[in-house]
Amino acid sequence: MAALLELAHISKRFGGVVVADGISLSVDAGSAVGIVGPNGAGKTTLFGVISGDVRPDGGNVLFEGARINRLDPGARCRLGIGRTYQVPKPFERMNVFENVLVAAQQGGRQRGVPSHERAISSLERCGLMDRANRNAGSLGLLDRKRLELARALATGPRLLLLDEVAGGLTAPEVRDLVEVVRSIRADGTSVIWIEHVVRALVDAVERLLCLSGGDFIADGAPREVLESPAVREVYLGTDDLAIEGTA
Ligand SMILES: Nc1ncnc2c1ncn2[C@@H]1O[C@H](COP(=O)(O)OP(=O)(O)O)[C@@H](O)[C@H]1O
Ligand SMILES: [Mg+2]
């Protein structure tokens, strides 16, 4: 069976900075994968390559076995690739419900579920129903992160890309978020989650990768990856990757 997502020999540089140096990755349907790596390692860029926001210099992106290199982000979204952005970008002058409704309308086939119902269930899932009528521009960071997730979810993704959605959250909030992600997975949606809050990843994914120097330097069970000498060396002298984290 073909992998849900396959990256084959992806390369990308910005000027003299090589952010992807022949990256290959295969993600199975139904799985949840975490990605860690130092700031500037190229994690967000890699999401851009998958979602179509960033054009790689070389390599192929396959979704359900088909090459999607030439598809724009909207087409990839309709195929079932949903993503959040590290810096939330809601439509500031629309309310929360309208933001999520637009996502539901623009997303993949809804299998008979009307857009507004999909929007409401995404809001419920992300704990935003009581703010549905608020202007998105008036939301604080935490609610903006929730809205980011609700919008991605409303597109009906088969693959959900989460870019640092737990940053700045308290420990109980992180636990709530992990539960939301688990419930999304239980519905059969695959997840790739970039996160510095390692506690969240350990609880939510079964496979962890570490990106550094343009390629993955570790790939395996989360705790083994976090304890591996290669990963420890990358984080040496920083407290970015404390496994007990904020929990
Ligand atoms: N559009 C861009 N133009 C120039 N440089 C970029 C661009 N996007 C990212 N970079 C650079 O590429 C590197 C990787 O960035 P990024 O993918 O955001 O890393 P991460 O998400 O791992 O922190 C950084 O050095 C960043 O400054
Ligand atoms: Mg990033």
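Residues numbered from 1 in each chain as written. Chains lettered and ligands numbered in written order. Predicted model: local features only at pLDDT ≥ 70, side-chain atom pairs only at ≥ 80, totals over all residues. Heavy atoms only, no water.

### Structural notes on the side chain of Lys43
Part 1 of the argument: Mapped onto the fold, Lys43 is located in helix H1 (residues 43-51).
Part 2 of the argument: Salt bridges are absent for the buried Lys43, whose nearest opposite-charge side chain, Glu164, sits at 4.6 Å.
Part 3 of the argument: When residues no more than four places from it in sequence are discounted, the contact partners of Lys43 are Ile35, Val36, Gly37, Pro38, Glu164, Ile194, His196 and Leu211. (Helix = DSSP H or I, 4+ residues; strand = E, 2+ residues; numbered from the N terminus. Buried < 20%, exposed > 50% of the residue type's maximum accessible area, 1.4 Å probe, protein only. Lys, Arg positive; Asp, Glu negative; His and termini not counted. Salt bridge = Lys/Arg side-chain N within 4 Å of Asp/Glu carboxyl O. Contact = heavy atoms within 4.5 Å.)

### Here's the deal with the coordination of the magnesium ion (ligand 2)
Part 1 of the argument: Listed as protein donors to the magnesium ion (ligand 2) are Thr44 (OG1) and Gln86 (OE1); their distances from the metal cover 2.1 to 2.2 Å. Taken together, the residues Thr44 in helix H1 and Gln86 in the loop between strand E6 (81-83) and helix H3 (96-106) connect sequence positions 42 residues apart. (Donors = N, O, S within 2.8 Å, 3.2 Å for Na, K, Ca; no water.)

### Looking at the pattern of salt bridges
Part 1 of the argument: All chains considered together, the criterion is met by 13 salt bridges.
Part 2 of the argument: Residue Glu64 pairs with Arg158 through a salt bridge whose shortest N-O separation is 1.9 Å. Residue Glu64 is located in the loop between strand E4 (58-63) and strand E5 (66-67), and its partner Arg158 is located in the loop between helix H5 (141-154) and strand E7 (159-163); the two are separated by 94 residues in the primary sequence.
Part 3 of the argument: Via salt bridges that share partners, Asp130, Arg131, Asp143 and Arg146 belong to a single interconnected network.

### A closer look at unusual backbone geometry
Part 1 of the argument: Located in the positive-phi region is His9, a residue other than glycine, with phi close to 55°.
Part 2 of the argument: Within the secondary structure, His9 is located in strand E1 (residues 5-14).
Part 3 of the argument: By relative accessible area, His9 is classed as exposed at 57%.

### Notes on the domain arrangement of the chain
Part 1 of the argument: On domain assignment, one finds that the chain holds domain 1 (1-80 + 158-247) and domain 2 (90-156).
Part 2 of the argument: Computed from C-alpha coordinates alone, the two centres of domain 1 and domain 2 are separated by 23 Å.
Part 3 of the argument: Across the boundary between the two partners, domain 1 contributes 15 residues, which contact 13 residues of domain 2.
Part 4 of the argument: In total, about 1,200 Å² of surface goes out of reach between domain 1 and domain 2, with carbon and sulfur atoms giving 63% of it.
Part 5 of the argument: Inspection of the domain 1/domain 2 interface yields one salt bridge.
Part 6 of the argument: Between Arg125 and Asp187 there is a salt bridge, and its shortest N-O distance comes to 2.7 Å.
Part 7 of the argument: Taken together, the links from domain 1 to domain 2 amount to three residue pairs in polar contact (both at pLDDT 80 or more).
Part 8 of the argument: The set of elements that each furnish at least two residues to the side of domain 1 that touches domain 2 consists of helix H2 (73-79), E7 and helix H6 (171-186). (Domains from an automatic or database assignment. Buried area = accessible area lost by both parts, 1.4 Å probe. Polar contact = N/O pair within 3.5 Å; in protein donor to acceptor, adjacent residues only side chain to side chain.)

### Considerations on the site of ligand 1
Part 1 of the argument: In the vicinity of ligand 1, the contacting residues are Phe14, Val19, Pro38, Asn39, Gly40, Ala41, Gly42, Lys43, Thr44 and Thr45.
Part 2 of the argument: At 2.8 Å, a backbone N or O of Gly40 approaches an oxygen atom of ligand 1.
Part 3 of the argument: Summarising the interface, the protein chains cover 56% of the accessible area of ligand 1, which totals 560 Å² for the free molecule.
Part 4 of the argument: When residues of the shell around ligand 1 are assigned to their parent elements, the largest contribution, three residues, is made by H1.
Part 5 of the argument: Taken together, the residues of the shell around ligand 1 sort by class into four nonpolar, five polar and one charged. (Near = heavy atom within 4 Å. Areas by Shrake-Rupley, 256 points an atom, 1.4 Å probe, with all protein chains shown as cover. Nonpolar A, V, L, I, M, F, W, Y, C, P; charged D, E, K, R; others polar.)

### So, the sheet that holds strand E10 (residues 215-220)
Part 1 of the argument: With mixed pairing, six strands are arranged side by side in an open sheet as E6-E7-E8-E3-E9-E10. Among the strands making up the open sheet, the edge pair consists of E6 and E10. Each adjacent strand pair in this sheet contributes to an overall mean axis angle of 20°, direction not counted.
Part 2 of the argument: Pairing analysis gives five bridges linking E7 to strand E8 (residues 190-194), with the strands arranged parallel. Bridging across to E8, Asp163 finds its partner in Ile194. (Pairing = 2+ DSSP bridges. Axes fitted to C-alpha atoms, helices over the stretch in contact; angles between N-to-C directions.)

### Observations regarding the pairing of E4
Part 1 of the argument: The pairing of E1 with E4 spans five bridges and is antiparallel. In the strand pairing of E4, Ala8 is matched with Asn60.
Part 2 of the argument: For E4 and E5, the ladder comprises two bridges, and the chain directions are antiparallel. Note that in E5 the partner of Phe63 across the bridge is Ala66.
Part 3 of the argument: Between E4 and E5, which pair antiparallel in sequence order, lie two residues; one of them, Glu64, sits at a positive phi of approximately 50°.

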